[in-house]
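Next come the chains, spelled out residue by residue.
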Amino acid sequence: MGATDGVAGTTGTAGERPRRLTYAAALSALEGVALLAGGVWILVLGLTGDPDDRQQAVTGGITLVVLALLPLLAARGLLLRRGWSRGPAIITQIMALPVAYNLLKADSMAIPGGIALAVVAVASLVLLVNPATTRALGIKGPGRTK
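Not measured: the values here are computed from a predicted model.

1. Some thoughts on the side chain of arginine 86
At step 1: With respect to the secondary-structure elements, arginine 86 resides in helix H5 (residues 86–105).
At step 2: One buried charged residue, arginine 86, remains without a salt bridge, the closest side chain of opposite sign being glutamate 31 at 14 Å.
At step 3: Reaching out from arginine 86, the side chain makes a polar contact with the side chain of threonine 134 at a distance of 3.0 Å.
At step 4: When neighbours within four sequence positions are excluded, arginine 86 is seen to be in contact with Leu78, Leu128, Val129, Thr134, Leu137 and Ile139.

2. Side note on the nonpolar core
At step 1: Core analysis: the largest hydrophobic core is formed by 12 residues, namely Leu21, Ala24, Ala25, Ala74, Leu78, Ala89, Ile90, Leu125, Leu127, Leu128, Ala136 and Leu137.
At step 2: Residue assignment for this core shows that the elements contributing at least two residues are helix H2 (19–48), helix H4 (69–79), H5 and helix H6 (110–128).
At step 3: Among residues more than four places away in sequence, those in contact with alanine 89 are Ala74, Leu78 and Leu128.

3. Let's talk about the confidence of the model for the protein
At step 1: Residues with a pLDDT of 70 or more make up 88% of the protein, whose mean pLDDT is 87.
At step 2: Element-level mean pLDDT values for the protein span from 39 in helix H1 (residues 5–11) up to 96 in H4.
At step 3: Counting interchain partners and residues more than four positions distant, the pLDDT-below-50 stretch residues 1–13 has 15 contacts.

4. Points about the environment of arginine 86
At step 1: Using a relative accessible area of 18% as the deciding quantity, one classes arginine 86 as buried.
At step 2: Along the sequence, arginine 86 and leucine 128 sit 42 residues apart, while their C-alpha atoms lie 6.7 Å from each other.

Here is what the cut-offs are and how they apply
Residues numbered from 1 in each chain as written. Predicted model: local features only at pLDDT ≥ 70, side-chain atom pairs only at ≥ 80, totals over all residues. Heavy atoms only, no water. Helix = DSSP H or I, 4+ residues; strand = E, 2+ residues; numbered from the N terminus. Buried < 20%, exposed > 50% of the residue type's maximum accessible area, 1.4 Å probe, protein only. Lys, Arg positive; Asp, Glu negative; His and termini not counted. Salt bridge = Lys/Arg side-chain N within 4 Å of Asp/Glu carboxyl O. Polar contact = N/O pair within 3.5 Å; in protein donor to acceptor, adjacent residues only side chain to side chain. Contact = heavy atoms within 4.5 Å. Core = buried A, V, L, I, M, F, W, Y, C linked by side-chain atoms within 4.5 Å. pLDDT = per-residue confidence, 0-100.

Structure representation (structure tokens):
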């Protein structure tokens, strides 16, 4: 056993990061940046504009900014091949699916946004549960010790 064996247990297996993992990290980061931009936009409009309820606008903006941390941290963890990062990334995608559904049901310009969000969420989920991604993150299945 080499000196790097202990490190491999926390950062995944040795070798290059699979493209699937990089793509999953990129999609997660994209969602995080979109949430951050939306939150800042709502916050700025709430503070400088004339919203119906200023407190609700500010609270909504701050909430989106804080929620943006989950996919951004997950994306960073995926790029660094941290096993813990897959959970938050999957949770983000599962949370995005009902939002996409509600956007698709809207009778407005939100429909293209719902389509884009649904495509990104499903693609991310497929990439995150891929066996190559799981191996790269050093995640073992239930009952597997080897």
